[in-house]
Amino acid sequence: MNSAHASRRSLLLAAVGSLAAAHAPSARSSDAGRPFLRVRLALAASQSLYHLPLTLADRLGFFRQSGVQLEWLPQESGAKALRMALAGQADVVAGAYEHLFGLHLKGLNYQSFVQMSRTPQVSLGGSTRGGMAWRSGADIRGARLGISALDSTTHWTACQWLFRQGLTGEDVVFVPVGSSQGVMEALRSGSIDALCNPDPVMHWLEQKNDIRLLGDARTLQGTRQLMGGSVPGASLFAHADFFQQHPDRVQALSDGVVQALKWLQTAGLTDILRTVPASHWMGDRAMYLGAFEKLRESYAVNGLVRSEDVTHAWRVHAKLISAFGPKQILPERTFTNIFAQRSANRWLS
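Being a predicted model, the structure only gives us computed values, none of them experimental.

Draft legend 1. How the structure looks around helix α7 (residues 182–189). Of all the residues in α7, the buried ones are Val 183, Met 184, Ala 186 and Leu 187. Axial view of α7: buried residues confined to an arc of 160 degrees, hence all on one face. The inward-facing, buried residues of α7 contact β5 (122–127), β8 (194–198), α8 (201–207) and β9 (211–217). Looking one or two residues past α7, Gly 190 carries a phi angle of roughly 90 degrees, positive in sign.

Printed below as a string of structure tokens:
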């Protein structure tokens, strides 16, 4: 173990050792005594680091302070979360930006209104079961590749990695396995040969030497290499009708997320452990902190969506769907910064 790794491990263990026994309680009552603004929120991998800003906004009372109460609707994939919104069972979706491209291609006016991360925050790895070496991208040809679901960020990120290897989605067999801890059993049992998923699952498998990392869209640098530039990550999005009918709810959600992003900028490792429920740690606090440290830079700073990132993301996405014929959208119509800008002015100034 090199000195840098040893030092980092010591820091993580020190944070674990100093963790107080008590954890911050989840906010459930209004500070001002006024009725809560209720919002039904659909999301996948609810306990993953992908949705850490939401967890923090809830646990630290930022949503309560903003006057909003969430009805959490956890799903096994972003695609399923989106289907809940399309069926009228959810008001807002927390998920990958790529979903907005698909919605606009169908003529559905959904928009992102606050950004939570600046990368897709997923990675792809090949199973080390049976001594598979994974010497080149071609080794994945014919493999069973586990993803959370078709048309999810894990699916599109895997397709982009294949594209960079000179392959297509038809060169593998995509196997929807969800995004919960059960995917680890799918990998170990041999049901799948490779996996694309968010952290902490992927980091845990790396640390246990169950996978060899093949593609990384977690860090800013890794994302730029894989995507050829910067792209937006997870965000909250809803239909334009919801913005018009309930702007107070949208603003309250944006305020809560932006406060959480601000808190993250100065949070220490012990702060993270004191705030995040133990059920999110996968039984290993040091491992969870290691995964968080790798992702820390990927979280958004002020909740604002960058137009140039969206434009680049659409170019990348359009190449992947070109086989379905020429289709065009206006990328700038997939987001609004009105609410996040108000939040930033309020909490970051």
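Draft legend 2. View of the pairing of strand β1 (residues 37–44). Most of β1 is tucked away: 6 of the 8 residues are buried. Relative to strand β2 (residues 68–75), β1 runs parallel, the two sharing 8 bridges. Across the sheet, Leu 37 pairs through a bridge with Val 68, a residue of β2. Across 3 bridges, the pairing between β1 and strand β3 (residues 92–95) is parallel. Looking at the pairing, Leu 43 lines up with Ala 94 of β3.

Draft legend 3. Quick peek at unusual backbone geometry. The step from Asp 199 to Pro 200 runs through a cis peptide bond, and the omega angle for that step is 15 degrees. Its location among the elements puts Pro 200 in the loop between β8 and α8. Despite not being glycine, Asp 151 shows a phi value in the positive range, around 60 degrees. With respect to the element layout, Asp 151 can be found in the loop between β6 (144–147) and α6 (153–164).

Draft legend 4. Spotlight on the packing of aromatic side chains. Throughout the structure, instances matching the rule amount to 5 aromatic pairs. Ring centres of Phe 113 and Phe 243 lie 5.6 Å apart, and the angle between their planes is 85 degrees; this geometry places the pair in the edge-to-face category. Here the residue Phe 113 occupies a position in strand β4 (residues 110–115), and Phe 243 occupies one in helix α10 (residues 240–245), the gap between them amounting to 130 residues. Taken as a pair, Phe 113 and Phe 243 share a single burial class, namely buried. Every member of this aromatic cluster is reached through a ring pair, and the members are Tyr 97, Phe 101 and Trp 314. Geometry around Phe 339 places Arg 342 over its ring, the cationic atom sitting 5.7 Å from the centre.

Definitions and cut-offs
- Residues numbered from 1 in each chain as written.
- Predicted model: local features only at pLDDT ≥ 70, side-chain atom pairs only at ≥ 80, totals over all residues.
- Heavy atoms only, no water.
- Buried < 20%, exposed > 50% of the residue type's maximum accessible area, 1.4 Å probe, protein only.
- Helix = DSSP H or I, 4+ residues; strand = E, 2+ residues; numbered from the N terminus.
- Arc of directions from axis to C-beta.
- Contact = heavy atoms within 4.5 Å.
- Pairing = 2+ DSSP bridges.
- Phe/Tyr/Trp six-rings, centres within 6.5 Å; stacked < 30°, edge-to-face > 60°.
- Lys NZ or Arg CZ within 6 Å of the ring centre and 35° of its normal.

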